[in-house]
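Coordinates in review
One letter stands for each residue in the lines below.
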Amino acid sequence: MKTGDLARVRRTLWAAADELRANSTLSPAEYRGPVLGLIFLAYAEHRFDQVRPEMEAKATARRPVTADDYKANSVLFVPEGARLSHLVDLPEGENLGKAIDDAMKLVEGSNPELRDVLPRGYQRLEKSTLSELLRLFAPLPRQLSGDAFGLIYEDFLSNFASSEGRLGGEFFTPYSIVRLIVEIIEPFHGKVYDPACGSGGMFVQCAKFVDRHNQSASRELSVYGVEQKEGTVPLAKMNLALHGLSGDIRLANSYYDDPHHSVAKFDFVMANPPFNVDKVDKDKLAGDPRFPFGIPRTDNANYLWIQQFFAALSDRGRAGFVMANSAGDAGHSEREIRRQLIESGAVDVMVAIGTNFFYTVTLPVTLWFLDKSKHGTEREDTVLFLDARHLYRQIDRAHRDFLPEQVELLANIVRLYRGEDVETVDGSDTLLKERFPDGTYIDVPGLCKVATRAEIAAQGWSLNPGRYTGTAAVDDDGEDFIEKLASLYDEFTRLSEEAGVLRVNVDTAIQGILGA
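Residues numbered from 1 in each chain as written. Predicted model: local features only at pLDDT ≥ 70, side-chain atom pairs only at ≥ 80, totals over all residues. Heavy atoms only, no water.

**Topic: the sheet that holds strand β8 (residues 382-387)**
If you walk across this open sheet you meet the nine strands as β3-β2-β1-β4-β5-β7-β6-β8-β11, and the pairing is mixed. Only two strands of the sheet have a single neighbouring strand rather than two, namely β3 (247-251) and β11 (448-452). Averaged over all neighbouring strand pairs, the angle between strand axes comes to 15°, with direction disregarded. Taken strand by strand, helix α10 (residues 201-212) contacts β1 (190-194), β2 (221-227), β3 and β4 (266-271), and its axis lies near 165° from that of β2. Each of β1, β4, β5 (313-324) and β7 (365-371) is contacted by helix α13 (residues 302-312), which is oriented at about 155° to β5, the strand it contacts most. (Pairing = 2+ DSSP bridges. Helix = DSSP H or I, 4+ residues; strand = E, 2+ residues; numbered from the N terminus. Axes fitted to C-alpha atoms, helices over the stretch in contact; angles between N-to-C directions. Contact = heavy atoms within 4.5 Å.)

Right, dumping it as structure tokens:
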């Protein structure tokens, strides 16, 4: 199928499915599982039909084809009663909801790795809605390629997350943010870990990165995840299966549990953890090697997450994760943890992201990148700060993302800083030449700055990119009020954060004088 045709199919599928939901009694959260389950069945049937003729041609009366034969070819076995082509042709009086529930059981029974993963509860849906959904998805196994199903699944995850707002953000990180993280940590080969994995989007984008570099993700990557929400684990497992990946996803609470024995185990760590969580029982964390710099005294879990990511890395590992802006300037015990982290030499790159990129929060965030392989290199004593708050595409009034060439530009700045070759397949060459005309890294006011550890110490161990990059001169470009307001709010947030740090420094100085 041509790219334009696939794009049209993707738009049409969501529009049709969303219209059916709007005319039903279901909320987006209630509708999500059943719809994603049907997409999964369509994909499973597609892959099954692809290899079935070859498998059956090799069969004999004494040696018929079994489910294990399909599994040996990385294909799920789909019994007759579980195929959409069978379900869509059931007689009018048949209990369709029960038939689909039974289909999910059949697939799980034939593929033990999917046990308790596929959704149930189709009998709660109105029969008319179910019939239309089946008519919508049943032709797909014969119309689309395998890659297309993964894209459609991602589309639906994204659209459901947008519909569910804050709750949607708990299982989905926007594509362009994940793509940027992946391009900077460069997971060519090894073990990838996400202790807050949601629906598994980080793993999927790692696989796509490997595929873009002409390698096989299933051979090059091993993925390990932890997810606290029981209902989200199946989303991740289905997502991995749709993209030809197998992974070890565990249901657990990463604050207290470490089911993968993660310390120093992983080549890559990626995550978008919940921000500013309170009420974590710190008594349960005493002596845990995942917190090598100590337990923060403040009732905030940000630096518990940051230490987990650091501790999970092997001695050559890289991490990329999303974090609340406030963590870059947090004071007291959190500042002491941050100082130790910086002095370890592992902090590599910090990227400031503007407002409205996420479904959970409208506030700006920061991407942190750690690299333990910096030791012994010219970068050992430095950190690259990037301010990407002025780079975005305005999707609608409430949402933004990065264009592919903007993701590539930011990743290329990191590559220049590391002395690596740049990539321009997504059209960033013009943007790159405008800012780095000689093809080598230079500090660009308002965009990027390499700071030494001494400079960072002089700033109170702040990791706020805006403190280092400064402000670029920008001509009036006729931006509308909403965009201007968002930009001003970004600046207000940065200045407020700096004021908080200055207040802490002044308090410390005064207390030192009074106590002398």
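**Quick look at the packing of α13 against helix α14 (residues 333-343)**
For the pair α13 and α14, interaxial distance at closest approach is 11 Å and the crossing angle is 15°. One way to sum up the angle between α13 and α14 is to call them roughly parallel. For the crossing formed where α13 meets α14, the hand is left-handed. Of α14, the residues touching α13 (which contributes Tyr303, Ile306, Gln307 and Phe310) are Glu334, Ile337, Arg338 and Leu341. By residue class, the composition of the contact of α13 with α14 is five nonpolar, one polar and two charged. (Parallel < 35°, antiparallel > 145°, perpendicular 65-115°, else oblique. Left-handed = near helix turned anticlockwise from the far one by under 90°. Nonpolar A, V, L, I, M, F, W, Y, C, P; charged D, E, K, R; others polar.)

**A look at the pairing of β1**
Among the five residues that make up β1, four are buried, leaving the element largely enclosed by the rest of the structure. As paired elements, β1 and β2 share five bridges and run parallel to each other. Bridged to Gly190 within β2 is Leu221. (Buried < 20%, exposed > 50% of the residue type's maximum accessible area, 1.4 Å probe, protein only.)

**Some remarks on the environment of Thr362**
Structurally, Thr362 is set in the loop between β6 (347-353) and β7. According to the relative accessible area criterion, Thr362 is exposed, its value standing at 52%. The spatial distance from the C-alpha of Thr362 to the C-alpha of Ala398 is 8.1 Å, given a sequence separation of 36 residues.

**Thoughts on the pairing of β3**
Put simply, side chains in a regular strand alternate between the two faces of the sheet. Where β2 and β3 come together, five bridges link them in parallel fashion. Across the sheet, the residue bridging to Gly225 is Ile249, located in β3. The parallel pair β2 and β3 is bridged by helix α12 (residues 233-242), and the resulting crossover is right-handed. (Right-handed = clockwise from strand over helix to strand, strands pointing away.)

**Some remarks on the pattern of salt bridges**
The full count for this structure, using the stated rule, is 35 salt bridges. The partner of Asp348 in a salt bridge is Arg379, and the shortest N-O contact between them spans 3.3 Å. Of this pair, Asp348 sits in strand β6 while Arg379 sits in the loop between β7 and β8, and the two are 31 residues apart along the sequence. In this pair, the class of Asp348 matches that of Arg379, namely buried. Put simply, Asp371 and Arg379 hold a salt bridge, and the shortest N to O gap is 3.0 Å. Overall, Asp371 belongs to the buried group, its relative accessible area being 0%. Residue class for Arg379 comes out buried when judged on its relative accessible area of 10%. (Salt bridge = Lys/Arg side-chain N within 4 Å of Asp/Glu carboxyl O.)

**Quick look at the packing of helix α2 (residues 28-58) against helix α5 (residues 96-110)**
Where α2 meets α5, the closest approach of the two axes is 12 Å, and the angle between their N-to-C directions is 55°. As the angle between them shows, α2 and α5 are arranged oblique. When you trace α2 past α5, the crossing you get is left-handed. Within the contact between the two elements, α2 uses Gly37, Leu38 and Leu41 and α5 uses Ile100, Ala103, Met104 and Val107. Tallied by class, the residues present in the contact of α2 with α5 amount to six nonpolar, one polar and no charged.

**Examining the packing of aromatic side chains**
This model, assessed by the stated rule, comprises 22 aromatic pairs. Both rings, one in Phe293 and one in Phe310, keep their centres 5.1 Å apart while their planes meet at 40°; by these two values the pair is tilted. Of this pair, Phe293 sits in the loop between β4 and α13 while Phe310 is found in helix α13, placing the two residues 17 residues apart along the sequence. The ring of Phe310 carries Lys372 above its face, with NZ or CZ at 4.2 Å from the centroid. Arg400 extends its terminal NZ or CZ atom over the ring of Tyr392, reaching a point 3.6 Å from the ring centre. (Phe/Tyr/Trp six-rings, centres within 6.5 Å; stacked < 30°, edge-to-face > 60°. Lys NZ or Arg CZ within 6 Å of the ring centre and 35° of its normal.)

**A closer look at the confidence of the model for the protein chain**
Confidence in the prediction of the protein chain, expressed as mean pLDDT, is 88, and 92% of residues score 70 or more. Of the regions scoring below 50 in pLDDT, residues 473-480 engages in two contacts with residues more than four places distant in sequence or in other chains. (pLDDT = per-residue confidence, 0-100.)

**Some details on the nonpolar core**
Of all hydrophobic cores here, the largest spans 59 residues; its most connected members are Leu36, Leu84, Ile100, Leu133, Phe137 and Phe156. Mapped onto this core, the elements with two or more residues apiece are α1 (3-22), α2, α4 (84-87), α5, α6 (127-137), α8 (146-164) and α12. A total of 13 residues in this core trace back to one element, the largest contributor, which is α2. Those residues within four positions of Leu133 in sequence are excluded, and the remaining contacts are Ala17, Leu20, Tyr31, Val35, Leu38 and Leu125. Membership of the second largest hydrophobic core comes to 55 residues, among which are Val178, Leu240, Ile413 and Phe436. (Core = buried A, V, L, I, M, F, W, Y, C linked by side-chain atoms within 4.5 Å.)

**Looking at a nonpolar patch on the surface**
On the surface, a nonpolar cluster with roughly 430 Å² of combined accessible area is contributed by Val506, Ile510, Ile513 and Leu514. Structurally, Ile513 can be placed in helix α19 (residues 481-515). The exposure class of Ile513 is exposed, given its relative accessible area of 62%. (Patch = residues over 30% accessible without salt bridge, like charges linked within 9 Å, V, L, I, M, F, W, Y side chains within 5 Å. Areas by Shrake-Rupley, 256 points an atom, 1.4 Å probe, with all protein chains shown as cover.)

**Quick look at the environment of Leu106**
With respect to the element layout, Leu106 can be found in helix α5. Residue classification places Leu106 among the partly exposed positions, given a relative accessible area of 38%. Between the C-alpha atoms of Leu106 and Arg83, which are 23 residues apart in sequence, the distance is 10.0 Å.

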